[in-house]
Amino acid sequence: METIYRKSLLYKSGLGLYCINHVQGCSHGCRYPCYAYMMAKSYGKTIGYADWCQPRLVANAEALLAKELAHKKVKPSTIHLCLSTDPFMTGYDEIIDMSLRLIALINSFDIACSVLTKGRFPSALADMSRFSTENRYTISLISLDEDFRIKWEPGATPYAERIAALKYLHEHGLKTQVHMEPYPTPNLIRQDLSLILDEIGFVDHIFFGGWNYNNLVKEFGQYRSFYSEQQNKIRQFCEDRNIQYAF
Ligand code: SF4
């Protein structure tokens, strides 16, 4: 795959999180649209959607991060992967291998990772001799319907495979989460949130957020009451099972 070189990797985002993005672009090609894609386009880092979907690996990411972490006087407690790409991009073994090496490197400095993907978490992450048990593993999940995924997250991993990979990590005692955002209103898909929750009842934390990227949800007149009902369902589900949640 094509590679690029960067001068720095670790940064503190506007959200206050320390992050790394060791890939430019993302083949998952989400069409909500993807905020990272819109930013890259407005800053001239990509010429369009097809270009964005051709990821470029930062070839010097490992050496760069090792140097940055070694020189950091006050080390962050957690580093997030990733805000503007996907560390476990579906079908890209080089990216997946690099992400595993970077997580191991971060953990070797006694820093935990929070990792977010619409891909499949590798089972290798359950190797506790290599990876910290303090890491948090999150999948993004807003439906179980594969026709919906193909329309809105065309390059991402099928939902059932995402959940199965996360469950494997949970069964090995690791911290797991679901990021349920941007959750669609019924004019985008009619679905029962309870069925999705039933599939992810093993996780430690659920974050729920609406579809705030454009006006599509407002075409569904009762979107405020719809979101409020879904939040009530999540609250009840999580409190019954002692799962943490946030909106
Ligand atoms: S997986 Fe994330 S970074 Fe990749 S296209 Fe989708 S929203 Fe954007």
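Reading the values: the criteria
Residues numbered from 1 in each chain as written. Predicted model: local features only at pLDDT ≥ 70, side-chain atom pairs only at ≥ 80, totals over all residues. Heavy atoms only, no water. Core = buried A, V, L, I, M, F, W, Y, C linked by side-chain atoms within 4.5 Å. Buried < 20%, exposed > 50% of the residue type's maximum accessible area, 1.4 Å probe, protein only. Helix = DSSP H or I, 4+ residues; strand = E, 2+ residues; numbered from the N terminus. Contact = heavy atoms within 4.5 Å. Salt bridge = Lys/Arg side-chain N within 4 Å of Asp/Glu carboxyl O. Axes fitted to C-alpha atoms, helices over the stretch in contact; angles between N-to-C directions. Parallel < 35°, antiparallel > 145°, perpendicular 65-115°, else oblique. Left-handed = near helix turned anticlockwise from the far one by under 90°. Phe/Tyr/Trp six-rings, centres within 6.5 Å; stacked < 30°, edge-to-face > 60°. Lys NZ or Arg CZ within 6 Å of the ring centre and 35° of its normal.

Colleague: Please give an account of the nonpolar core that cites residues and values.
Modeller: Residues Phe121 and Met180 are the most contacted members of the largest nonpolar core, which totals 75 residues. By residue number, the principal contributor to this core is helix 4 (residues 93–108), which donates nine residues. Not counting chain neighbours up to four residues away, the residues in contact with methionine 180 comprise Leu141, Ile142, Leu193, Ile196, Leu197, Ile200, Phe207, Phe208, Gly209 and Ile234.

Colleague: Kindly report on the pattern of salt bridges, identifying the contributing residues and their values.
Modeller: Applying the stated criterion to the full structure yields seven salt bridges. Between arginine 149 and glutamate 146 there is a salt bridge, with its nearest N and O atoms 2.7 Å apart. Of this pair, arginine 149 and glutamate 146 both sit in helix 5 (residues 146–152), separated by three residues, roughly a single helical turn. In this structure arginine 149 comes out as buried when scored by relative accessible area, which is 7%. Between arginine 162 and glutamate 153 there is a salt bridge whose closest N-O contact spans 2.8 Å. According to the relative accessible area criterion, arginine 162 is buried, its value standing at 0%. One salt-bridge network, held together by shared partners, links Glu2, Asp51 and Arg56.

Colleague: Lay out the packing of helix 3 (residues 61–71) against helix 4 in plain terms, naming residues and giving numbers.
Modeller: Interaxial distance between helix 3 and helix 4 falls to 10 Å at its minimum, and their mutual angle equals 15°. Comparing their axes, helix 4 and helix 3 come out roughly parallel. For the pair helix 3 and helix 4, the sense of crossing is right-handed. Side by side, helix 3 and helix 4 meet where Ala61, Glu62, Leu65, Ala66 and Leu69 of the first sit next to Met98, Arg101, Leu102, Leu105 and Ile106 of the second.

Colleague: Requested: an account of the packing of aromatic side chains, with residues and values cited.
Modeller: When we look at a pair of aromatic rings, we describe it by the centre distance and by the angle of the planes. Summed over all chains, the structure comprises 14 aromatic pairs. With 6.5 Å between their ring centres and 90° between their planes, phenylalanine 208 and phenylalanine 247 make a pair best called edge-to-face. Separated by 39 residues along the polypeptide, phenylalanine 208 in strand 10 (residues 205–210) and phenylalanine 247 in the segment after strand 11 (244–246) bring together distant segments of the chain. By relative accessible area, phenylalanine 208 is classed as buried at 1%. The rings of Tyr183, Phe208, Phe220, Phe226, Tyr227, Tyr245 and Phe247 are connected pair by pair, giving a single aromatic cluster. Geometry around phenylalanine 237 places arginine 241 over its ring, the cationic atom sitting 3.8 Å from the centre.

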